[in-house]
Amino acid sequence: MIIFPAIDLKAGQVVRLAEGDMARATVYGDDPAAQAERFAQAGAEWLHVVDLDGAFAGESVNGAAVAAILGRFGGKIQLGGGIRNRESIERWLDLGVRRVVIGTAALENPDLVREAARDNPGRIVVAVDARDGMVATRGWADVSDVSVADLARRFEDAGVAALLFTDVGRDGLLKGCNVEATVALARAVSIPVIASGGVTDIADIHALRPHVADGVEGVITGRALYDGRLDLKWAIEMGRA
């Protein structure tokens, strides 16, 4: 199981939000590239990066910070936030991002996802962000009338690399990962699922690890790492066990 340490970017700083609320941001540093390097030194092979400003603006805002991270992190980077057209997808992939995460556009323009996944096998991830089981978009500011399972099934045959499932109500609050909902989604579709939102400590990693066989590919963790509640090296070791 892959452990994805997260770097969320707001105005060039490393932050964590509570329930996706930009007004409830905690700043953890002003050098994202240095943070990425620390995660690499701890053994991280993957890094999950989100341009929070971009998610609301609908286009890249923290591009300079992402470029700096690309220059310092030796592993693979998964990037999301405001990527809503083919030009943005191709630009980031060409710059060295391994996977691009598409959220809002997956709901509003599914053909974009299918075409990008067809032309870039294994490099497109669909973000399935949920509030009370319904898909949230535009930086989680809007909630649609489409269920998580329905959106996920639309891409069963599209060739996407994974689904990134986030329980928005738990994100950044250290309430514990929604293992039950994550596993239910993984069992409902044939696409690998990445868990996100609410990871508190090693217990969440331990709870998810047995479900790799169900299709849980990995888990994203942010605040638990920054607050010292979760040791990244230990989490990575458990993920590999």
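Residues numbered from 1 in each chain as written. Predicted model: local features only at pLDDT ≥ 70, side-chain atom pairs only at ≥ 80, totals over all residues. Heavy atoms only, no water.

Novice: Which parts of the structure should I look at to understand the packing of aromatic side chains?
Specialist: Working definition: an aromatic ring pair is given by the centre-to-centre distance plus the angle between the planes. Tallied over the full model, the rule gives 3 aromatic pairs. On the basis of an interplanar angle of 55° and a centroid distance of 5.6 Å, the ring pair of Phe 4 and Trp 46 is categorised as tilted. On the criterion of sequence distance, the pair formed by Phe 4 in strand E1 (residues 2-10) and Trp 46 in strand E4 (residues 46-51) is long-range, its members being 42 residues apart. Summarising the aromatic geometry, the rings of Tyr 28 and Tyr 226 are spaced 4.9 Å apart at their centres and angled 25° between planes, so their arrangement reads as stacked. Of the two residues, Tyr 28 sits in strand E3 (residues 21-29) while Tyr 226 sits in helix H10 (residues 223-226), which places them 198 residues apart along the sequence. (Phe/Tyr/Trp six-rings, centres within 6.5 Å; stacked < 30°, edge-to-face > 60°. Helix = DSSP H or I, 4+ residues; strand = E, 2+ residues; numbered from the N terminus.)

Novice: Before we go on, may I ask you to explain helix H1 (residues 32-41) in this structure?
Specialist: Because an α-helix completes one turn every 3.6 residues, residues spaced three or four positions apart along the sequence face the same direction. All buried positions along H1 are accounted for by Pro 32, Ala 33, Ala 34, Gln 35, Ala 36 and Phe 39. Of the surrounding secondary structure, the elements contacted by the buried residues of H1 are E1, strand E2 (13-18), E4, helix H3 (63-72), H10 and helix H11 (232-240). Immediately beyond the C-terminal end of H1, within one or two residues, lies Gly 43, with a positive phi of roughly 110°. (Buried < 20%, exposed > 50% of the residue type's maximum accessible area, 1.4 Å probe, protein only. Contact = heavy atoms within 4.5 Å.)

Novice: Mind showing me how you'd approach the pairing of E2 here?
Specialist: Taken residue by residue, a regular strand's side chains alternate between the two faces of the sheet. Among the 6 residues that make up E2, 5 are buried, leaving the element largely enclosed by the rest of the structure. With 3 bridges connecting them, E1 and E2 associate as antiparallel partners. Each bridged residue has a counterpart across the sheet, and for Leu 9 the counterpart in E2 is Val 14. Counted between consecutive antiparallel strands, the loop separating E1 from E2 contains 2 residues, among which Ala 11 sits at a positive phi close to 55°. Alignment of E2 against E3, held across 5 bridges, turns out to be antiparallel. Within E3, the position partnered with Val 15 by the bridge is Val 27. (Pairing = 2+ DSSP bridges.)

Novice: Help me understand the environment of Glu 217 in this model?
Specialist: One can find Glu 217 in strand E12 (residues 216-221). Residue class for Glu 217 comes out buried when judged on its relative accessible area of 19%. Through-space distance from the C-alpha of Glu 217 to that of Met 1 is 5.4 Å; in sequence the pair is 216 residues apart. Residues contacting Glu 217, with those up to four places away along its chain left out, are Met 1, Ile 2, Phe 4, Arg 99, Ala 161, Ala 162, Pro 192, Val 193 and Ile 194. Here the side chain of Glu 217 touches Arg 99 through a polar contact of 3.0 Å, side chain to side chain. (Polar contact = N/O pair within 3.5 Å; in protein donor to acceptor, adjacent residues only side chain to side chain.)

Novice: Just to check I follow, could you spell out the side chain of Ser 196 for this structure?
Specialist: By secondary structure assignment, the location of Ser 196 is in strand E11 (residues 193-196). When its relative accessible area of 9% is taken as the criterion, Ser 196 is described as buried.

Novice: Got a minute to help me understand the pattern of salt bridges in this structure?
Specialist: Between side chains of opposite charge, a pair can form as their charged atoms come close. On inspection of all chains with the given rule, the structure shows 11 salt bridges. When the shortest N-O distance is used, the salt bridge between Asp 8 and Arg 16 registers 2.7 Å. Considered together, Asp 8 and Arg 16 belong to a single accessibility category, that of buried residues. With a shortest N-O distance of 3.0 Å, Arg 99 and Glu 217 are connected by a salt bridge. Residue Arg 99 is found in strand E6 (residues 99-102), and its partner Glu 217 is found in strand E12; the two are separated by 118 residues along the sequence. A relative accessible area of 7% means that Arg 99 is categorised as buried. (Salt bridge = Lys/Arg side-chain N within 4 Å of Asp/Glu carboxyl O.)

Limitation: the analysis is restricted to geometry and does not speak to function.
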